[in-house]
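Summary of structural features
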Amino acid sequence: MHREIQKMREIALVYLDRSGGLQKFVQDCKKYNDSKQSYAVYRFVISINPSDITELDATLGNCILHNPIQAAQIFQSVCFIAIKTLSLIDQLQTEAQISILLKPTHLPPLPSYVLSLSAFPFNYTSRRFYMSEGIVIAMGTVTKYTQGARFLCTEETCPFSEGFRYIRVHLPGATESATVRSDFVCSLCSSPLQENMKFRVLGDKQIVEMIDAKVLDALKGCCNDKSHFRIQTFTVFLRDELANKMKIGDHYKIIGIPACVQNGLQATACIEVNSVQLCKPNGPSFVSKNFKYLLSLTSSSCWRFTAILVNIFASEVVPPGTYNTLKLAILLSLVQTGEKENADYLDLLIVTSDTLVIDRLLNYSICLLPRGVRHPPTNEIFPSVSKDKHGSGSASIQACSAVLAKGGICYIGDLSSYKKDKLELLQSVLESRTTTVFIPGKKYGEEADQHVTIPVQTNFWSFVDVDSSSKKHTQKDNFVIGQMDMSLIPPNLVDVFGLLIHNEFPSCQLSAPLVHHVLKKAINPGATLYKVSQQFRTQDYEEFILFAKNLHVELSSEAESLIQGYYLASRRVRRDSVHGSTLSASALKTLISLSKAHTKLSLRKKVLEEDALIAILLLESSLTLKHGKSALCIAPNPVFPFDLSDENSLQQRDFYLMQCHHQVLKFIGAYGPGIHVNTSEE
């Protein structure tokens, strides 16, 4: 056995030399030596590639994978001999003072190395490396733990009353009381041991709660997979250099050692993490053949492909040709999702009296994204703070719907059902795209209060029931032509939503195709009612959206000029004597976002004037609902003024949009010149 361990030590030294780990180790030793300070514990992190080390020696590779604590002791001996041989740290006295953390780069891609909380049994007694992945749903503040401590014999005549014989080092899964206790005795004279507090080494610790990524399917409010599965959170300990390496709401792959932590009568399964890797979703590199064929057929026009795409979208929920303006806005918002810091967000607020159909349509649409979250009304939309459940007394930030929908859609339902304070918080988040969590220091054992700012990288969808609005509020008489009664919602909140959409017809005048659709679906929910549903399946739309949203698009000079001209002209036209311009600065961002989204939906990479025109018409329609008609004076449903039934109707729509383009140019020509951007108001 001794000969085998000696051989593994030799192989470990060879591996460190070949992998560059020895050079890094020498540099780390130099930092300790230069400090001229004696430590109870000298900690070293060694990166291990299991594949490379197994090729050198299968026994050592097997030991690292299945008995990492013993493997750490082997590297500990190698490092101690290296330090003494090369005189790297003058202050070091015993081998026990060296603490080794092995950090595997990966694990074999085999089921036996994957740990899943949704599967049983949960093997936390093996104390070997496992790989797991999940989403961070709660994150504690960084606190201190005892990394290592020095104990001395209380008997003055005992040889172990001095020196570094008794060193306690934190092991995976160990609690603070396991590392530092008062009942240790000397192995030589059986006298009690006492800690030398001067040499206690503290490290950073952060407790994180993760959950299987399958939870995203449950949060959508609908699930195509009929199989049942169990979802459970699991506790992750991040220590020292790994503290603050995770962000709440992100998806990570971790490598660590499972353990069971006892907290009074409660036992908690946890993982001591050695390695953290961010998981980034890879979108498909293709679209279906039917979409490619449709794109080739409509290549003569920049508007026809998206028109047909919208016309047949969500045929499982509503008949083709209905709710086209809303469906276009939905698709535009879907392709404008992402996790970039300066992303072009596109939030939707729908004004409707037909909440049931709208709710079904929006719920169907969020299921097309990996991260579409339907917010439960009983929960919080934004992160909150609670006390850590592991007994540390520290604060723990809980992720809520908006954070879990990172890079996707957060559908918050009926906006009129929320109280004033929630609406004010929503407005603040939509304006800044961040939310701040306040952690009172006195309550959670900290010296000072903390303000933690969390980015909110998601699009928000909501609707307002106009019937509910008219019942709760007395309608005003001073409405401008085209303006909707939005008195139930604060005007500033309505303004921060990128688009305000009004569906085509009220519930009392439902179209015959929609009535037939609803009745047929009620009788036979699984039936395919339209041939187009077979040609362009839900899965095809999922792949299409994931492909389109990852396209990198740029504004052409012509599109930029049209957007700027319309924006400046609208600011001049839409103003009153009291508040100045009613067009907010965020409208320009919305225009650019809409233009880019239409370009992505058209599977192009250059934003053209045609894309900018669609953006202008949608925004002008939204502004009309908010503030009434302007001098541009567009039709009530400008993007889809009539039904698209055949090629002639598509040609008619193209001609109509060209007329709109000329109308916008005239509007810019009439009201655009002489506008000064750098006014005090702006």
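Each chain has its residues counted from 1, following the order in which its sequence is written. Totals for whole chains, interfaces and linings use every residue, but because this is a predicted model, local features are given only for residues with pLDDT of at least 70 and side-chain atom pairs only at 80 or more, for both listing and counting. Side-chain measures here rest on the full set of heavy atoms in the structure, leaving out hydrogens and waters.

Under the convention used in this document: UniProt positions are given in the numbering used here, feature names are shortened, and annotations may be inferred rather than shown by experiment.
As annotated in an unreviewed UniProt entry, the protein carries the name Minichromosome maintenance domain-containing protein 2 and comes from Apaloderma vittatum. Listed in UniProt under the heading Function (unreviewed entry), the comment for the protein reads: "Plays an important role in meiotic recombination and associated DNA double-strand break repair."

1. Considering the pairing of strand E3 (residues 130-140)
What counts, and what does not: Here's how the labels work: a residue is buried when its accessible area is under 20% of the maximum for its type, exposed when over 50%, partly exposed in between, all with a 1.4 Å probe on protein chains only. Secondary structure elements follow DSSP: runs of H or I of four or more residues count as helices, runs of E of two or more count as strands, with numbering from the N terminus. Two strands pair if DSSP finds at least two bridges between them.
Counting buried positions along E3 yields 10 of 11 residues, so the element is predominantly enclosed. Direction of pairing for E3 relative to strand E14 (residues 395-398): antiparallel, over a ladder of three bridges. Bridge pairing in E14 places Gly140 opposite Ser396.

2. What to know about the nonpolar core
Nonpolar side chains in soluble globular proteins tend to be buried together. We count it as follows: Take the buried residues of types Ala, Val, Leu, Ile, Met, Phe, Trp, Tyr and Cys, join any two whose side-chain atoms come within 4.5 Å, and each joined set is a nonpolar core. Note that domain bounds follow an automatic or database assignment of domains. Residue contacts follow a heavy-atom distance rule, with two residues in contact if any of their heavy atoms lie within 4.5 Å.
With 84 residues, the main nonpolar core has Leu328, Ile330, Leu334, Trp461, Phe544 and Tyr566 as its most contacted residues. Looking at which element gives the most residues to this core, the answer is helix H21 (residues 609-627), with nine residues. Counting only domains with at least three residues in this core, you end up with domain 2 (280-471 + 484-548) and domain 3 (551-681). When neighbours within four sequence positions are excluded, Leu334 is seen to be in contact with Ser365, Leu368, Leu369, Ile409, Trp461, Ile545 and Lys549.

3. Describing the pattern of salt bridges
Quick note on the threshold: Here, a salt bridge means any Lys or Arg side-chain nitrogen found within 4 Å of an Asp or Glu carboxyl oxygen.
One pass over the structure, following the stated rule, counts 19 salt bridges. Arg239 is the salt-bridge partner of Glu272, the closest N and O atoms lying 2.9 Å from each other. In this pair, Glu272 is assigned in strand E10 (residues 266-278) and Arg239 in strand E8 (residues 233-239), connecting sequence segments 33 residues apart. When its relative accessible area of 6% is taken as the criterion, Glu272 is described as buried. In this structure, the salt-bridge partner of Arg304 is Glu647, at a minimum N-O distance of 4.0 Å. Taken together, the positions of Arg304 in helix H9 (residues 304-311) and Glu647 in helix H22 (residues 647-671) put the pair 343 residues apart, joining distant regions of the chain. What makes Glu647 exposed here is its relative accessible area of 51%. Several salt bridges share partner residues, and in doing so they unite Arg43, Asp240 and Glu241 into one network.

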